[in-house]
Structure formats: C-alpha cells, structure tokens
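What the coordinates show
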Amino acid sequence: MQSVSDIWSMILDRLREDLSETTIKTWFNETTVVALEGNELVLHCPNAFKRATIQDRFLPNIEAGLKDIFSSDITVRLLDDEALRQRENHEEQKPSSIMDSGEFTFDTFVVGPSNQLACSAARSVADAPGMNYNPLFIYGSSGLGKTHLLYAIAHVIRQRTPSARIIYIKGDDFINDFIESVRSGKAGDFRTKYREADLMLVDDIQFVAGKVETQNEFFHTFNTLYESKKQIVLTSDRPPQEMALLDDRLRTRFEWGLMADVQQPVLETRVAIVKNKAANLGLILDDSIANYIANKITSNVRQLEGTVHKIKAFHDLNIPIDQSAVDRAIQDMIRSNEFTITPDNIIKEVCRYFRVEEDQIRGPSRSRDILNARQIAMYLIRRMTSLSLDETGKLFGGRDHSTTLNGVTKVENRMKKDHTFAETVKAIITNINATK
C-alpha cells in the first residue's frame, strides 16, 4: 500500500475521534488523496459544495491530524476536477501500463526459499512462453508477490516482443467483462479480445468458481489459447483442488502445467525485501533497522513494503529514522491493514456474488433470487458480526426479529441438506475474507 493512502486512512481515523461516522461519510466519501509533496498533502474532491465545506469547516481538523502523525506542520490543498486535470497534464508522462514501468520486474523480486519455485517457473515462462509450464498456476495468500510475478513475466515479454498481445485481468473483472459483453450483444468482441492474446494473465482466478456461464466461457478461451500454444498464467489464493465450486473441466486444465505455491517469507528474505525496497526508493536503512522491521512484520510482503514507504515519507519530512519512528511506521501500517468485517462488507460481497443490486437485497422484493441472497446475507451477518437479529433486520428494510430469525434458520437447515448450497455460502465467506 502506498504511503499517501496510509496517511489519508490515518487522518480519517483521527477525524472519527471528533466527528460522527455519518459526518465522515457525508463530507469525505468523494475525497481522495492525490499526493504528499514535501510539506503539503494534495486532496481531490469533485463535488464543489463538499469541497468548499471541507475547506471552510474541516481543514483545521485535517491539518491537526497531520501534525499529530508527523510532528510537523503539513498544509492541505484541495483540488477540483479542473485543477486535477491541469496537474495531470503537467506531470511527467508515465508508462502506459504498470507492466511497463519497471517497478515490478524479476530484478526487483526478492527470491527466497518461500517463493523460489514460483519465481523460477515464472522466469522460464517469460523466456519461452507457451513452451514451458502451460498453464503456470501460482497460489498462496494475499500479499506474497503473486501479482508481482505476473507483471514481471509481462515485462520481459513486452521488452522482447513489443507487438505481443498481453491480457492482464483479475478474475472478478473477467466475470464483469463477460456479463457486459452478453448484455450489450458484443460476445464476439469479447472472444476476440481474449482468444487472440499471446499471453493471458489472470489474477485471483478463484472468483470464477461457481459462475457457471463464466466458467464455460473461460473453458473455451483456455482451450483456444492452449491449443495455439499461447501462454496462460493464473494466480489464486488456493490450489484448484480446494476450489469446491470450480468446474471439473477447468480444475483438470489448471493442473495440466505446473502448480507453484508462494509461502510466507523467512527472516532473511524479509530483511532482503526491506533493504531492496528502501534502495529502490533511494533510502539507505541501517542493518539494525531492516532487521527490526523484518522481525516485527512476518507474514506479508505488502506490509513490509508499505512500512518502508511510510519510513520514506518520514525521511522526506526530515524526521529522524530511529526505532521510535520505525515503531510508528509499523503500527500505522498494521492498523491501516486491519480489516474489520462489517455488515456492509458482507452485503456488498453477497450482491457481487449473485449479481444483484444492494437496494434490491435491502428492499421489499420477494423474488426467489433476491430472497435467497437476502437470507444468506442475514445468515452471514449473524455469523460474522456481533449484530443482533433486530439490528440485522433493520439493515433489510426494517424487517423484524422473527423474519430475520426465519431467514437465518432456513440457510442453516439448507446448508445441512444441500452440499452445493453449502459450498456457495462457504465460497462467499472465502471471498469476504479475501478482501482483507
């Protein structure tokens, strides 16, 4: 996570100490952080009325929060749409794709015992696409470098063959793209886009599991590319055999090539990651500081890199990089990465899974599909949060205690009798947890 995003998250946390959650959502829901430049934090708010209100009423609160974080005076500049466009026009031209930026390459990927096989296989694929390990299936928990390897493969192939047609997409975006192609009557364009690729990279392929039509489309896309000796690389949070709702035809094909896992990095690798990231940012860290960070953050590469970004922000503000500053960076990074499952998270994921709108699931509709999604959402809120039945019912149009209890009970009983339904609920739980 980039340090400027961390800073904005921390500012919002500090604003919550003085302002209600309703006030936060009302006035800051359209505000995004653009950059931290020296002693100035640049924000963007497209809504003129909200921007003026923030400027007049809340700017002192934001600047007080910044001073609390950095122990230094930081000013805030709010941009409207036009000012943001002018800023972007004056910025130095950026690479057209993150894959071309040089940030995520094999040279910047730190290899250790936990990822050696995956990295070696990725290099082999990049050297001879379509010839070695097709498909390459990389799996492991979030934040361990799977996406970095996808970008690294694409970077090598793009450098060697600029004309190569490279497709990178996340599993849930593939689903959305397919649905939109059906809705708009452009299925032919969709198939051309994916089936004529020279390299297809799919991140988080686990999201297609359980989506019957999408799996069928992906099956045919996979076959077309494979038979044309085009390279396919997939990542997932778990191996194919653990995807309960994955079509057997796809499971078999995912296992055709090589499956390589990435695990939590060992201490030596974590130290190397910290020092490598610092060097890329033009920051030299003492060995004692690098070791201290690596001993404090043990499971997630993204958190290690985010901590270094935060330390770089301190350095740019002339804050001494001692153990106290590092402790602050680590604590803020861990806090900014903490994820509390909320009813809104659950409702959003259920709606995403069943392709329904939130106002439908919260509203009076009694259609079979909406009712099914609503009852599952009720069940998951009761299981995964501390809300009471009455509180849960209020989220769905003010439904009463007995209605909510009836919905929860129906889901519990159906899960005991219907294996496929139970696997659907489990898949939704996995997807909710995957957003952490």
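For the structure itself, consult the block above.
Just so we're clear, the structure is a prediction, and the values are computed from it rather than from any experiment. (Residues numbered from 1 in each chain as written. Predicted model: local features only at pLDDT ≥ 70, side-chain atom pairs only at ≥ 80, totals over all residues. Heavy atoms only, no water.)

1. Notes on the nonpolar core
Counting 74 residues, the largest nonpolar core has Phe28, Ile62 and Ile153 as the members making the most contacts within it. Counting 56 residues, the second-largest nonpolar core is a separate cluster that includes Val202, Ile346, Met378 and Ile429. (Core = buried A, V, L, I, M, F, W, Y, C linked by side-chain atoms within 4.5 Å. Buried < 20%, exposed > 50% of the residue type's maximum accessible area, 1.4 Å probe, protein only.)

2. Overview of the packing of helix H7 (residues 171-183) against helix H9 (residues 212-227)
For the pair H7 and H9, the least separation of the axes is 10 Å and the interaxial angle reads 95°. Considering their axes alone, H7 and H9 lie roughly perpendicular with respect to each other. Residue-level inspection shows Phe174, Ile175 and Phe178 of H7 in contact with H9, the latter providing Glu213, Thr214, Glu217 and Phe218. Its residues assigned to classes, the contact of H7 with H9 shows four nonpolar, one polar and two charged. (Axes fitted to C-alpha atoms, helices over the stretch in contact; angles between N-to-C directions. Helix = DSSP H or I, 4+ residues; strand = E, 2+ residues; numbered from the N terminus. Parallel < 35°, antiparallel > 145°, perpendicular 65-115°, else oblique. Contact = heavy atoms within 4.5 Å. Nonpolar A, V, L, I, M, F, W, Y, C, P; charged D, E, K, R; others polar.)

3. Quick word on the packing of aromatic side chains
Enumeration according to the criterion identifies 18 aromatic pairs in this entry. Ring geometry for tryptophan 27 versus phenylalanine 49: centroids 5.6 Å apart, planes at 55°, classification tilted. Of this pair, tryptophan 27 sits in helix H2 (residues 21-28) while phenylalanine 49 sits in helix H3 (residues 48-70), and the two are 22 residues apart along the sequence. The exposure class of tryptophan 27 is buried, given its relative accessible area of 15%. Plain terms: the ring middles of phenylalanine 222 and phenylalanine 254 are 6.3 Å apart, the flat faces sit at 50° to each other, and that makes the pair tilted. Here phenylalanine 254 lies in helix H10 (residues 248-254) and phenylalanine 222 lies in helix H9, a separation of 32 residues in the sequence. Take phenylalanine 222: its relative accessible area is 1%, and that puts it in the buried class. Here the guanidinium or amino end of lysine 211 rests over the ring plane of tyrosine 353, the centre of that ring lying 3.8 Å away. (Phe/Tyr/Trp six-rings, centres within 6.5 Å; stacked < 30°, edge-to-face > 60°. Lys NZ or Arg CZ within 6 Å of the ring centre and 35° of its normal.)

4. Things to note about the packing of helix H11 (residues 267-280) against helix H13 (residues 301-316)
Two numbers describe how H11 lies on H13: the axes approach to 9 Å, and their chain directions differ by 40°. The orientation of H11 relative to H13 falls into the category oblique. Every pair of crossing elements has a handedness; the one defined by H11 and H13 is right-handed. Contact residues: Arg270, Ile273, Val274, Lys277 and Ala278 in H11; Val301, Leu304, Glu305, Val308 and His309 in H13. (Left-handed = near helix turned anticlockwise from the far one by under 90°.)

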